[in-house]
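# Structural characterization, general
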Amino acid sequence: MNRSLDHTTSLRIAIQKSGRLTDKTTDLLHGIGIEFDNYKRNLMVKTRNFDVELLLLRDDDIPEYVQDGICDLGFVGANEVLEKDSKVSVLRGLNYGNCRLAVASQKESELLKPTQFDGKKIATSYPILTKRFFENVGVSIEIVEISGAVEITPQLHLADAISDLVSTGGTLKANGLIERFTILESETKLIQTQQALSEGKQQLIQKFLQRIDGYQTAKKSRYILMNAPTESVETIKVLLPSMKSPTIMPLAQTGMVAIHSVIPYEQFWDVMEQLQDAGASDIVMLPIESMIA
Ligand code: ATP
Ligand code: ZN
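Residues numbered from 1 in each chain as written. Chains lettered and ligands numbered in written order. Predicted model: local features only at pLDDT ≥ 70, side-chain atom pairs only at ≥ 80, totals over all residues. Heavy atoms only, no water.

Here we come to the overall build of the chain. Scanning the chain from terminus to terminus reveals eight helices and 15 strands. Each principal axis of the C-alpha atoms in the chain carries an extent, and together these give about 80 × 55 × 35 Å. Split into buried and exposed, the 293 residues of the chain put 46% on the buried side. For the chain, long-range pairs separated by at least 24 residues make up 69% of all intrachain contacts whose partners lie at least 6 apart in sequence. Accessible area for the chain stands at about 15700 Å²; split by element, carbon and sulfur atoms hold 49% of it. (Helix = DSSP H or I, 4+ residues; strand = E, 2+ residues; numbered from the N terminus. Buried < 20%, exposed > 50% of the residue type's maximum accessible area, 1.4 Å probe, protein only. Contact = heavy atoms within 4.5 Å. Areas by Shrake-Rupley, 256 points an atom, 1.4 Å probe, with all protein chains shown as cover.)

The zinc ion (ligand 2) binds to the protein through Asp59 (OD) and Asp60 (OD), with metal-donor distances spanning 1.9 to 2.0 Å. Angles of 77 to 171° at the metal separate the four donor atoms of the zinc ion (ligand 2), which places the site in the irregular class. (Donors = N, O, S within 2.8 Å, 3.2 Å for Na, K, Ca; no water. Tetrahedral: all angles 85-135°; square planar, octahedral: opposite > 155°, others 65-115°.)

Sheet strands line up and pair through hydrogen bonds in the backbone, either parallel or antiparallel. Spatially, the six strands line up as an open sheet ordered E2-E3-E1-E4-E11-E5, and their pairing is mixed. Either end of the sheet is taken by a strand with one partner, and the two such strands are strand E2 (44–46) and strand E5 (88–93). When strand polarity is set aside, the average angle formed by the axes of neighbouring strands in this sheet is 30°. The sheet contact formed by E5 and strand E11 (residues 188–193) spans five bridges and is antiparallel. Opposite Gly93, over in E11, you have Lys189 as the bridge partner. (Pairing = 2+ DSSP bridges. Axes fitted to C-alpha atoms, helices over the stretch in contact; angles between N-to-C directions.)

Right, let's get into the nonpolar core. If you look at the biggest cluster of nonpolar residues, it comprises 27 residues, and the most contacted ones within it are Phe75, Leu190 and Phe208. Residue assignment for this core shows that the elements contributing at least two residues are strand E1 (11–16), helix H1 (22–31), strand E3 (52–57), strand E4 (73–77) and helix H6 (199–219). At six residues, the largest contribution of residues to this core is made by H6. When near neighbours in sequence (up to four residues on either side) are disregarded, Phe208 contacts Ile13, Leu29, Ile32, Ile34, Phe50, Leu73, Phe75 and Leu190. (Core = buried A, V, L, I, M, F, W, Y, C linked by side-chain atoms within 4.5 Å.)

The subject of this paragraph is the pattern of salt bridges. Scanning all chains against the criterion turns up twelve salt bridges. Between Arg12 and Glu53 there is a salt bridge, with its nearest N and O atoms 2.9 Å apart. Here Arg12, found in strand E1, pairs with Glu53, found in strand E3; they are 41 residues apart in sequence, far enough to count as distant. For Glu53, a relative accessible area of 8% gives the class buried. Residue Glu80 is joined to Lys84 by a salt bridge in which the shortest nitrogen-to-oxygen separation is 2.8 Å. Each of Arg12, Lys46 and Glu53 takes part in one network of salt bridges that share partners. (Salt bridge = Lys/Arg side-chain N within 4 Å of Asp/Glu carboxyl O.)

Across the six residues that make up E3, a large majority, six, are buried. By the alternation rule, side chains of E3 split into Val52, Leu54 and Leu56 and Glu53, Leu55 and Leu57, which are all buried. Examined bridge by bridge, E1 and E3 share six bridges and lie parallel to one another. Residue Ile15 lies in a different strand from E3, and its bridge partner there is Leu56.

Close to ligand 1 lie 17 residues; Gln16, Arg20, Asp60, Asn79 and Ser167 are nearest. In this structure, an oxygen atom belonging to ligand 1 sits 2.8 Å away from a main-chain N or O atom of Arg20. Across the complex, the protein chains shield 77% of the 630 Å² of accessible surface that ligand 1 would expose by itself. Residue classes in the shell around ligand 1 are distributed as five nonpolar, seven polar and five charged. Both of domain 1 (11–97 + 188–218) and domain 2 (99–186) provide at least three residues apiece to the shell around ligand 1. (Near = heavy atom within 4 Å. Polar contact = N/O pair within 3.5 Å; in protein donor to acceptor, adjacent residues only side chain to side chain. Nonpolar A, V, L, I, M, F, W, Y, C, P; charged D, E, K, R; others polar. Domains from an automatic or database assignment.)

With that settled, consider the domain arrangement of the chain. What the domain assignment lists for the chain is domain 1 (11–97 + 188–218), domain 2 (99–186) and domain 3 (221–287). Each of domain 1 and domain 2 has a C-alpha centre, and these two points are 30 Å apart. Taken residue by residue, the interface counts nine residues in domain 1 and ten residues in domain 2. Summing both sides of the interface, domain 1 and domain 2 together bury roughly 780 Å²; the carbon and sulfur share of this comes to 47%. (Buried area = accessible area lost by both parts, 1.4 Å probe.)

Here we come to the packing of aromatic side chains. All told, the structure shown has eight aromatic pairs when counted by the stated rule. Ring geometry for Phe117 and Phe134: centres 5.5 Å apart, planes at 40°, overall tilted. In this pair, Phe117 is assigned in the loop between strand E6 (99–106) and strand E7 (121–124) and Phe134 in helix H4 (residues 127–136), connecting sequence segments 17 residues apart. The pair Phe117 / Phe134 is uniform in exposure class, with both members buried. Within the aromatic cluster, the residues linked to one another by ring pairs are Phe117, Phe133, Phe134 and Phe181. Geometry around Tyr265 places Arg222 over its ring, the cationic atom sitting 4.1 Å from the centre. (Phe/Tyr/Trp six-rings, centres within 6.5 Å; stacked < 30°, edge-to-face > 60°. Lys NZ or Arg CZ within 6 Å of the ring centre and 35° of its normal.)

Set out below in structure tokens:
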């Protein structure tokens, strides 16, 4: 299905039509300013303000659509990209849809470590990744390929263990299974076709990436505002792990200043306590919608 260099500029992006990745992906697209209407009934959606059209697919099909150049970009789990052995470029890891492909066996099972699985049957929807994992540790297994409800196969004596995607582990537990070891850690990836793209599309992708990077940095950052006595400014400056030097403005009340800065969210609570000790008051933290360096 190779395609020669195209001269259209509209970027075609594959997203999951309906499933675990859908809301987070559409939130991200809205978050970077791409506007589109409720799309649930359509397979293709045009966006209003960015030269992008969205193709809504089953997640399993996304790697192939991107590999073949039917879509230029796609949002899909690393697990699907690797299972399909797709020839695509991974542009970004997006830190949602996080999960792991793990091997689980029944509570009372003696199958705990990979080396104990020689000659055993493993049920999975991920035959390639599972087989490859055991081959790499020199263990020969039999795959029972199942497309859904893999977790009930040990009870039905269809398999000795399973290899399935896990996030919280609740489904495994409910089925009397215990997670034993991990085959792969996965998250949602933004992937790009390796087919040749027009100059216009390449430029659009650069713009798209810049917006995604801004959105992701913003998500990890907070805008922080506080009041402090002038004599505390030097101490406070040292405490703020600022991206840039903080803004310091005099207040009407003499001897006091307002300090504004951007800090990584994960440091907020530690820093806040130290700021209070240094004399800061009225500390306010605000989310940031986007940040372009
Ligand atoms: P589709 O109809 O699109 O084929 P699906 O049922 O195969 O949907 P979902 O269950 O929506 O797929 O999962 C989509 C992706 O979400 C997975 O491929 C994986 O990357 C990610 N994911 C995150 N946590 C989990 C989980 N606990 N179980 C399954 N997938 C998960
Ligand atoms: Zn699927």
